[in-house]
Amino acid sequence: MENRKRLIEAYGQMVEERVGMGWHPWLLTFTYKPLGGSATMIVSRMRYEIERTYATVATRVVRRPNSPSQFENLPIWICSPDYPVYKRDKGSFRDNAVNDGLHFHGIGLMPAVSRMTVSLEDHFDDYQTMYSGAHRDLFRVHVQAIEDEVAEVAGYALKGIENPRINPDDVLILPRTRSEMR
């Protein structure tokens, strides 16, 4: 458990460093339609939807996202599976009931220079159906700007790592390194 907490703290430090370099942080929440199969299969399908969404966003940020010269200009997303925790305000029944409440939270870091002419939040508001249409497993992507306490919000977004039901290997970091893409 201690290693998991250190991992969350390290991600928080990395996010703070990027923000200090002019990157813009966003809290990402991915919710899904009902998915069947084993827990491993469900997480795999959820990860696939995030990867597909990221690939589309990357093309809006840089002209050629697969170009080695553009790697440093790509957005960075760190996403973790998460289960809901008890809250006094129960929230939506739908969010807690579908897939046993399993969803993904993440931190999205957008570079200071981008082809995207609107905020990430506005982009998802405008194009939500492109990412979560009827033929997709993804129900909704919710995006919220992180104004302050960046490391704390990163810790919240990645809190699922501390849950023993979550495998730390299920954390999704995008973009993948060049060696992972071969």
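Residues numbered from 1 in each chain as written. Predicted model: local features only at pLDDT ≥ 70, side-chain atom pairs only at ≥ 80, totals over all residues. Heavy atoms only, no water.

Topic: the overall build of the chain
Working step 1: Counting its secondary structure elements, the chain contains five helices and five strands.
Working step 2: Ordered by position from the N terminus, the helices and strands of the chain form the series α-β-α-β-α-β-α-β-α-β.
Working step 3: Its C-alpha atoms give the chain a radius of gyration of 16 Å, near enough to 16 Å, the size a compact globule of 182 residues would have.
Working step 4: Taking the principal axes of the C-alpha coordinates as reference, the chain spans close to 40 × 40 × 35 Å.
Working step 5: Residues counted as buried form 42% of the 182 residues belonging to the chain.
Working step 6: Across the chain, contacts joining residues at least 24 apart in sequence account for 79% of those joining residues at least 6 apart.
Working step 7: Surface summary for the chain: the accessible area is close to 10,100 Å², and the carbon and sulfur share equals 51%.
Working step 8: Taking the average place of the 23 positive charges on the side chains of the chain and the average place of its 24 negative ones, the gap between the two points comes to 7 Å. (Helix = DSSP H or I, 4+ residues; strand = E, 2+ residues; numbered from the N terminus. Rg over C-alpha atoms; globule rule 2.2 N^0.38 Å. Buried < 20%, exposed > 50% of the residue type's maximum accessible area, 1.4 Å probe, protein only. Contact = heavy atoms within 4.5 Å. Areas by Shrake-Rupley, 256 points an atom, 1.4 Å probe, with all protein chains shown as cover. Lys, Arg positive; Asp, Glu negative; His and termini not counted. Charge placed at Lys NZ, Arg CZ, Asp CG, Glu CD.)

Concerning the environment of Asp 170
Working step 1: With respect to the helices, strands and loops of the structure, Asp 170 is situated in the loop between helix H5 (150-157) and strand E5 (172-174).
Working step 2: Residue classification places Asp 170 among the partly exposed residues on the basis of a relative accessible area of 21%.
Working step 3: The sequence separation of Asp 170 and Val 118 amounts to 52 residues, and the corresponding C-alpha distance is 30 Å.
Working step 4: Those residues in contact with Asp 170 that sit more than four places away from it in its chain are Val 43, Arg 47, Cys 79, Pro 81 and Phe 104.

Details of the environment of Ala 151
Working step 1: Here Ala 151 lies in helix H5.
Working step 2: A sequence separation of 142 residues divides Ala 151 from Glu 9, and the C-alpha atoms of the two residues are 7.6 Å apart.
Working step 3: Once residues within four sequence positions are removed from consideration, Ala 151 is found in contact with Gly 12 and Glu 16.

Some thoughts on the nonpolar core
Working step 1: Counting residues in hydrophobic clusters, the biggest one holds 31 residues, and the most contacted among them are Phe 30, Ile 50, Val 57, Trp 77 and Leu 120.
Working step 2: Secondary-structure elements contributing two or more residues to this core are strand E1 (24-32), helix H2 (39-61), strand E2 (76-82), strand E3 (103-110), helix H4 (120-131), strand E4 (138-145) and E5.
Working step 3: At eight residues, H2 tops the list of elements feeding residues into this core.
Working step 4: Apart from the residues within four sequence positions on either side, Leu 120 is in contact with Trp 26, Leu 28, Val 57, Met 110 and Val 143.
Working step 5: Among the nonpolar cores identified, the runner-up in size contains 16 residues, and Tyr 11, Ile 76, Ala 157 and Leu 158 belong to it. (Core = buried A, V, L, I, M, F, W, Y, C linked by side-chain atoms within 4.5 Å.)

Comments concerning a positive patch on the surface
Working step 1: A surface patch of positive charge is lined by Arg 60, Arg 63, Arg 64 and Arg 115.
Working step 2: Inspection of the secondary structure assignment puts Arg 115 in the loop between E3 and H4.
Working step 3: Residue Arg 115 is classed as partly exposed on the basis of its relative accessible area, which comes to 40%. (Patch = residues over 30% accessible without salt bridge, like charges linked within 9 Å, V, L, I, M, F, W, Y side chains within 5 Å. Salt bridge = Lys/Arg side-chain N within 4 Å of Asp/Glu carboxyl O.)

Thoughts on the side chain of Asp 137
Working step 1: With respect to the element layout, Asp 137 can be found in the loop between H4 and E4.
Working step 2: Within the structure, the side chain of Asp 137 is placed 3.1 Å from the side chain of Arg 45, a separation counted as a polar contact.
Working step 3: Excluding anything up to four places from it in sequence, Asp 137 contacts Tyr 32, Lys 33, Leu 35, Arg 45 and Glu 49. (Polar contact = N/O pair within 3.5 Å; in protein donor to acceptor, adjacent residues only side chain to side chain.)

What to know about the pattern of salt bridges
Working step 1: Counted under the stated rule, the structure contains five salt bridges.
Working step 2: In this structure, Arg 45 and Asp 137 form a salt bridge, with 3.1 Å as the shortest nitrogen-oxygen distance. Linking Arg 45 in helix H2 with Asp 137 in the loop between H4 and E4, this pair joins segments that are 92 residues apart in sequence.
Working step 3: In this structure, Arg 52 engages Glu 49 in a salt bridge whose closest nitrogen and oxygen atoms are separated by 2.5 Å. Of this pair, Arg 52 and Glu 49 both sit in helix H2, three residues apart, roughly one helical turn.
Working step 4: Since its relative accessible area comes to 4%, Glu 49 is described here as buried.

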